[in-house]
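# What the coordinates show
Letter by letter, the chains look like this.
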Amino acid sequence: MSTRYVLVFLLFLPLVAAADPGQKRSHEDFTVAQLQAEMASGRLTSEALTREYLGRILELDQDGPGVNAVMELNPDALAWARHADRLRRQGKLLGPLHGIPVLLKGNIDTGDRMQTTAGSFGLKGAPATRDSTVAARLRAGGAVILGKTNLSEWANFRSFFSTSGWSGVGGQTNNPYGINRNPCGSSSGSGAAATANFAAISLGTETDGSIVCPGNANGVVGLKPTVGLTSRAGVVPISHTQDTVGPHARTVADAAIALAVIQSRSSDGRDPATAGVPLGWKGRARPTNIPTDYTQFLDPDGLRGARLGVTRQGIDNAPAQVVAAFEETLDTMEAAGATLVDLDAAGFTFAPADGEFLVLCYEFRNDLRAYLATRTRVPLAGGTLADAIAFNNANAEKEMPYFGQEIFELTAAMALGADDPQPDFGGLTYNEALEIDRLSGVNGIDKALTDFDLDAVIAPTDNPAWPTDLLYGDRFLFGSSGLAAGAGYPIIQVPANLVFGIPLGVSFFGTAFSEPTLIKLASGFEAVTQTRANNPPTFAAMLPSDHLDGTTLRKPRGKSHKAQKPEDARRRPRHL
């Protein structure tokens with residue numbers, strides 16, 4: 001059943017008495033705290049709120065401008081909302097997301113009637129057999145899982161020429177700020193849905209940039225947690241060294257609330273990373289004081305007295321308007337009381353994670369096999385990467401109409417041993433690549449924080465979103481997520497400015513498990529800018545949209561239709 005038909009079905013289910021249809025679309029930009037206050041007062045129910053979001057998805061995602069961020073809706077969403085309302089009437093609240101609708105990226109398992117496809121028809125046919133850990137934590141916390149968002153197929157790890165936001169199952173997701181613009185990253189639908197108010201919170205996943213890049217492109221907060229702080233159990237993988245699950249939200253506060261609900265403070269028994277530390281902290285112990293509530297670190301004056309190291313990560317090669325927007329962002333931080341240290345001018349060089357692509361390819365083959373062993377009644381159930389390649393070849397018309405599977409094929413051809421030289425990577429081994437990436441944290445973010453006595457490192461997240469192009473693919477001019485990806489460190493991306501109406505974000509980086517510090521800084525920046533709050537998406541057909549009108553041509557008029565003599569035509573000036 002298509003998303004549209006499920007929407008119509010859900011919307012026409014009978015309303016309970018407490019749900020007020022007159023409240024439709026009245027809570028579009030409410031924060032989680034505001035929604036909870038409305039429900040606590042009796043002015044709003046979870047069921048009514050869920051209907052609001054369903055109506056907005058029908059109006060703006062499936063119809064209207066056609067954002068196409070939501071790939072599937074939960075047919076049991078209203079039942080879950082009613083259950084949350086019943087518990088509230090009984091005085092039982094399960095957590096800060098009680099009754100709040102949440103969308104999940106289409107690579108996150110839910111043990112219900114929804115599919116988990118990662119955008120591929122190879123995983124379509126039957127739902128996962130059980131909830132992922134993050135989905136289970138959402139349910140235990142009273143959240144209403146509203147549906148699944150579209151993504152870049154196989155989390156953008158199939159082809160060198162892929163287009164962000166396109167999948168065989170879901171088609172192309174568009175940017176709510178300008179439908180012709182790309183939503184960026186594999187968590188494209190999550191970022192687009194969050195800014196378009198299709199749910200209060202959306203969950204995405206990141207290996208390198210796929211939470212923060214959609215956050216930047218779609219003008220929302222993207223919180224990429226420390227690897228291992230949130231469980232990857234029941235998530236279609238790329239790499240156990242780098243994968244993490246985190247929220248997109250319209251405010252830092254909402255992202256902080258979501259993180260507290262989905263995190264694993266200790267081992268969940270299904271993902272070893274939840275009992276350990278990320279690669280950059282190899283040999284160190286996992287903290288025992290991981291917070292249960294991240295909202296305690298929200299601070300509207302969070303930038304005052306902070307020392308922030310600035311690295312521009314290639315933005316100086318961007319158009320002058322982009323550079324000016326970032327410089328204005330830095331001025332805003334200084335005006336809010338932060339001390340900025342120019343790391344580039346000081347000659348500091350971040351150690352690169354040059355082993356990253358080898359690590360991702362090597363791990364993907366085995367991690368994918370382990371995940372496929374958990375699936376049943378789909379074409380790739382119990383299969384391997386070789387089976388996925390064969391499936392794509394056999395179904396090329398719908399799986400590969402625009403780009404191929406070069407990364408799949410490269411990965412399948414790699415040597416099997418962790419210490420085997422990999423010819424396609426200059427003879428580097430997997431273990432050698434891991435060590436390079438570990439040192440990218442030690443001699444990158446960690447060294448910068450120590451050497452310059454910093455609270456965090458900041459950088460422009462990515463260039464403003466480009467027009468979607470299914471022929472040439474994505475168009476990255478600069479980006480900073482790689483500073484943290486190899487080591488597994490956290491990032492918070494916050495909307496900072498706009499260029500021609502297109503969002504531009506800034507990222508806050510820290511060492512492993514530094515989310516409390518990053519939340520304080522990011523909330524302080526958000527408080528003085530309010531970029532997303534003051535600049536909601538317009539769903540314009542294209543951006544920029546002004547100063548683009550062309551000439552107006554009219555049919556020439558004359559008293560006579562007689563043909564001119566050749567010599568007259570040569571003498572007369574030609575005008576339109």
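Right, let's walk through the structure included here.

Definitions and cut-offs
- Residues numbered from 1 in each chain as written.
- Predicted model: local features only at pLDDT ≥ 70, side-chain atom pairs only at ≥ 80, totals over all residues.
- Heavy atoms only, no water.
- Helix = DSSP H or I, 4+ residues; strand = E, 2+ residues; numbered from the N terminus.
- Buried < 20%, exposed > 50% of the residue type's maximum accessible area, 1.4 Å probe, protein only.
- Contact = heavy atoms within 4.5 Å.
- Areas by Shrake-Rupley, 256 points an atom, 1.4 Å probe, with all protein chains shown as cover.
- Disulfide = S-S within 2.5 Å.
- Salt bridge = Lys/Arg side-chain N within 4 Å of Asp/Glu carboxyl O.
- 1 Å grid on protein atoms, 1.4 Å probe; cavity = no way out; pocket = protein on both sides within 12 Å on 5 of 7 lines; lining within 4 Å.
- Points joined across faces, edges and corners; volume = space filled by probe spheres on them.
- Core = buried A, V, L, I, M, F, W, Y, C linked by side-chain atoms within 4.5 Å.
- Axes fitted to C-alpha atoms, helices over the stretch in contact; angles between N-to-C directions.
- Parallel < 35°, antiparallel > 145°, perpendicular 65-115°, else oblique.
- Left-handed = near helix turned anticlockwise from the far one by under 90°.
- Pairing = 2+ DSSP bridges.
- Right-handed = clockwise from strand over helix to strand, strands pointing away.
- Phe/Tyr/Trp six-rings, centres within 6.5 Å; stacked < 30°, edge-to-face > 60°.

### Observations regarding the overall build of the chain
Per the secondary structure count, the chain includes 18 helices and 13 strands. Taking the principal axes of the C-alpha coordinates as reference, the chain spans close to 90 × 65 × 60 Å. In the chain, which comprises 576 residues, the share counted as buried stands at 60%. Contacts in the chain between residues far apart in sequence, at least 24 positions, make up 76% of those at least 6 positions apart. Counting every atom, the chain has about 22,700 Å² of accessible surface; 53% of that belongs to carbon and sulfur.

### A few points about the state of the cysteines
All told, the structure shown has 1 disulfide when counted by the stated rule. The disulfide that involves Cys184 links it to Cys213, with 1.5 Å between the sulfurs. The chirality of the disulfide connecting Cys184 with Cys213 is right-handed, given an S-S dihedral of about 60°. Of this pair, Cys184 sits in the loop between strand 5 (171-172) and helix 6 (188-195) while Cys213 sits in helix 7 (residues 212-218), and the two are 29 residues apart along the sequence. You can call Cys184 buried: its relative accessible area is 1%. The thiol sulfur of Cys361 is not disulfide-bonded, and the nearest other cysteine sulfur, from Cys213, lies at 19 Å. Judged by its relative accessible area of 0%, Cys361 is buried.

### Overview of helix 6
Of all 8 residues in helix 6, 8 are buried, a share of seventy percent or more. Those residues of helix 6 not exposed but buried are Ser188, Gly189, Ser190, Gly191, Ala192, Ala193, Ala194 and Thr195. Contacts made by the buried residues of helix 6 are with strand 2 (101-105), strand 3 (144-149), strand 6 (201-206), helix 7, strand 8 (244-249) and helix 17 (531-534). Looking one or two residues beyond helix 6, the residue adopting positive phi is Asn197, at roughly 60°.

### What about the pattern of salt bridges?
According to the stated counting rule, one finds 18 salt bridges in the structure shown. Residue Arg158 is joined to Glu153 by a salt bridge in which the shortest nitrogen-to-oxygen separation is 3.0 Å. On the basis of relative accessible area, Glu153 is assigned to the buried category, the value being 3%. Since its relative accessible area comes to 1%, Arg158 is described here as buried. Residues joined in a network through salt bridges with shared partners are Asp29, Arg250 and Arg532.

### As for the layout of surface pockets
Over the atoms a probe the size of a water molecule is rolled, and this reveals where empty space is left. Taken as a whole, the largest pocket holds about 900 Å³ of empty space. Along the walls of the largest pocket sit 49 residues, with Asn156, Asp208, Gly209, Ser210 and Glu356 positioned nearest its centre. Taken together, the elements giving at least two residues each to the lining of the largest pocket come down to strand 6, strand 8, helix 10 (356-372) and helix 15 (482-485). Of the residues forming the lining of the largest pocket, the biggest block, 3 residues, is contributed by helix 10.

### Brief notes about the nonpolar core
Of all hydrophobic cores here, the largest spans 107 residues; its most connected members are Phe198, Leu308 and Phe508. If near-sequence neighbours (up to four positions away) are discounted, Leu308 is found in contact with Leu303, Met333, Ala338, Thr339, Leu340, Val341, Leu454, Ala456, Ile458, Phe508 and Leu521. Among the nonpolar cores identified, the runner-up in size contains 34 residues, and Ala118, Ala155, Phe157 and Leu368 belong to it.

### So, the packing of helix 10 against helix 14 (residues 430-451)
Packing of helix 10 against helix 14 leaves a shortest axis separation of 8 Å and a crossing angle of 130°. If you check the angle between helix 10 and helix 14, you find them oblique. Judged by the sense of rotation from one axis to the other, the crossing of helix 10 with helix 14 is left-handed. Across the interface between the two elements, Glu356, Leu358, Val359, Tyr362 and Glu363 of helix 10 pack against Tyr430, Ala433, Leu434 and Asp437 of helix 14.

### Overview of the sheet that holds strand 11 (residues 456-460)
Ordered by their spatial adjacency, 11 strands build an open sheet running 1-3-2-6-8-7-12-13-11-9-10, and the pairing between neighbours is mixed. The strands lining the two open edges of the sheet, one partner per strand, are strand 1 (70-73) and strand 10 (339-342). When the angles between neighbouring strand axes are averaged without regard to direction, this sheet yields 30°. Note: strand 2 against strand 3, 5 bridges, orientation parallel. The residue bridging Leu104 from the neighbouring strand is Lys148, located in strand 3.

### Things to note about the pairing of strand 12 (residues 491-499)
Across the 9 residues of strand 12, 8 count as buried, placing the element largely inside the fold. As defined by bridge partners, strand 12 adjoins strand 13 (residues 502-509) across 8 bridges and the pair is classed as antiparallel. Within the sheet, the bridge partner assigned to Pro495 lies in strand 13 and is Gly505. With antiparallel pairing between neighbouring strands as the criterion, strand 12 and strand 13 make up a hairpin whose turn holds 2 residues, including Phe500 at a positive phi of roughly 55°.

### Quick look at the pairing of strand 3
Within strand 3, 6 of the 6 residues are buried, which leaves it mostly tucked inside the rest of the structure. Pairing geometry for strand 1 and strand 3, over 3 bridges, is antiparallel. Counterpart to Leu73 in the pairing with strand 3 is Gly147. Handedness of the crossover joining strand 2 and strand 3 through helix 5 (residues 133-140) is recorded here as right-handed.

### Thoughts on the packing of aromatic side chains
The geometry of two aromatic rings is summed up by the distance between their centres and the angle between their planes. Inspection of every chain in the model, using the stated rule, returns 15 aromatic pairs. Summarising the aromatic geometry, the rings of Phe157 and Phe364 are spaced 5.3 Å apart at their centres and angled 70° between planes, so their arrangement reads as edge-to-face. Taken as a pair, Phe157 in the loop between strand 3 and strand 4 (166-167) and Phe364 in helix 10 lie far apart in primary sequence, 207 residues in all. Neither residue differs from the other here; Phe157 and Phe364 are each classed as buried. Judged by centre distance (5.6 Å) and plane angle (55°), the ring pair of Trp281 and Phe513 falls under tilted. On the criterion of sequence distance, the pair formed by Trp281 in the loop between helix 8 (252-262) and strand 9 (307-310) and Phe513 in the loop between strand 13 and helix 16 (515-529) is long-range, its members being 232 residues apart. The exposure classification of Trp281 matches that of Phe513, with both residues buried.

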